[in-house]
Amino acid sequence: MTGPTREATAALITLPGTPLAGAVMDLIRPVETPSVFNHSIRSYLFARLVAGRLGLAVGHDYHDDLLFAACAMHDLGVAPDGPHSQRFEVEGADRAAAFLIDRGVPAADADQVWQAIALHTSPGIAERRGTLCVLVRQGVALDFGGPLGADHVEAVTDEQADAVHTAYPRLDMIRSLTDAIVAQAAKSPKNAPRYAIPGEFLRERETFGRTRLEHACRSSRWRD
């Protein structure tokens, strides 16, 4: 591997070195499975590539710390140490926003993160709620390789994908994350509303043993 390629790879997988990003990592690493943790970090790395493809400049069009926080904590609602009293997207958004406010992040910025997390499973809505919502949804969608309707799958080259997956392996992410969502959804009817992702995942697993998303991902770009 040549020097410039090594430098490009290092830049691609480098995470923010800020105190806030470090605190977010300290929060999620102990409570998420390695598979879901890696998915959360890959979603951020892919979201940055989408930002570049859209011509968005960090510090001007979006705040990198907020993008990292929203992507890294977007599945915090399925962590086993949570209250599990509402659908996982909202529970994770509430927990993330409270965490940010406790660390001095302005309420308006914390609310942006709240929206991005709460709406990351809501196509057609997230895209209308600002740049952070767009980038988080697209970063998450890219990590599913296509079945979630990623509009920017071309933002990631095969070489970039290999570098990201080497640093943060997939570890059977689709099954692991679906297991966590279904387990959280099964705790209370409020966690699994009809026609929402957690409710449909729970019903599909109970009826068919596998969700439609799990089936679709077998032929996705990453072939989970």
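Below you will find a few notes about this structure. As the structure is a prediction and not an experimental result, all values here were calculated from the model.

Of all hydrophobic cores here, the largest spans 71 residues; its most connected members are Ile41, Leu67, Phe68, Met73 and Leu100. Sort the elements by how many residues they give to this core and helix α3 (residues 34–53) lands first, with 10 residues. Setting aside its immediate chain neighbours within four residues, methionine 73 contacts Val24, Leu27, Ile28, Ala96, Phe99, Leu100 and Ile117.

Now for the packing of α3 against helix α8 (residues 158–167). Two elements in contact, α3 and α8, have axes separated by 10 Å at closest approach and are oriented at 155°. Comparing their axes, α8 and α3 come out roughly antiparallel. Pair α3 / α8 crosses with right-handed handedness. Between α3 and α8, the residues in contact are Arg42, Leu45, Phe46 and Leu49 and Gln160, Val164 and His165, respectively. Residue composition of the contact of α3 with α8, by class: 4 nonpolar, 2 polar and 1 charged.

How each quantity is defined
Residues numbered from 1 in each chain as written. Predicted model: local features only at pLDDT ≥ 70, side-chain atom pairs only at ≥ 80, totals over all residues. Heavy atoms only, no water. Core = buried A, V, L, I, M, F, W, Y, C linked by side-chain atoms within 4.5 Å. Buried < 20%, exposed > 50% of the residue type's maximum accessible area, 1.4 Å probe, protein only. Helix = DSSP H or I, 4+ residues; strand = E, 2+ residues; numbered from the N terminus. Contact = heavy atoms within 4.5 Å. Axes fitted to C-alpha atoms, helices over the stretch in contact; angles between N-to-C directions. Parallel < 35°, antiparallel > 145°, perpendicular 65-115°, else oblique. Left-handed = near helix turned anticlockwise from the far one by under 90°. Nonpolar A, V, L, I, M, F, W, Y, C, P; charged D, E, K, R; others polar.

Spatial relationships are all this shows, so hold off on functional conclusions.
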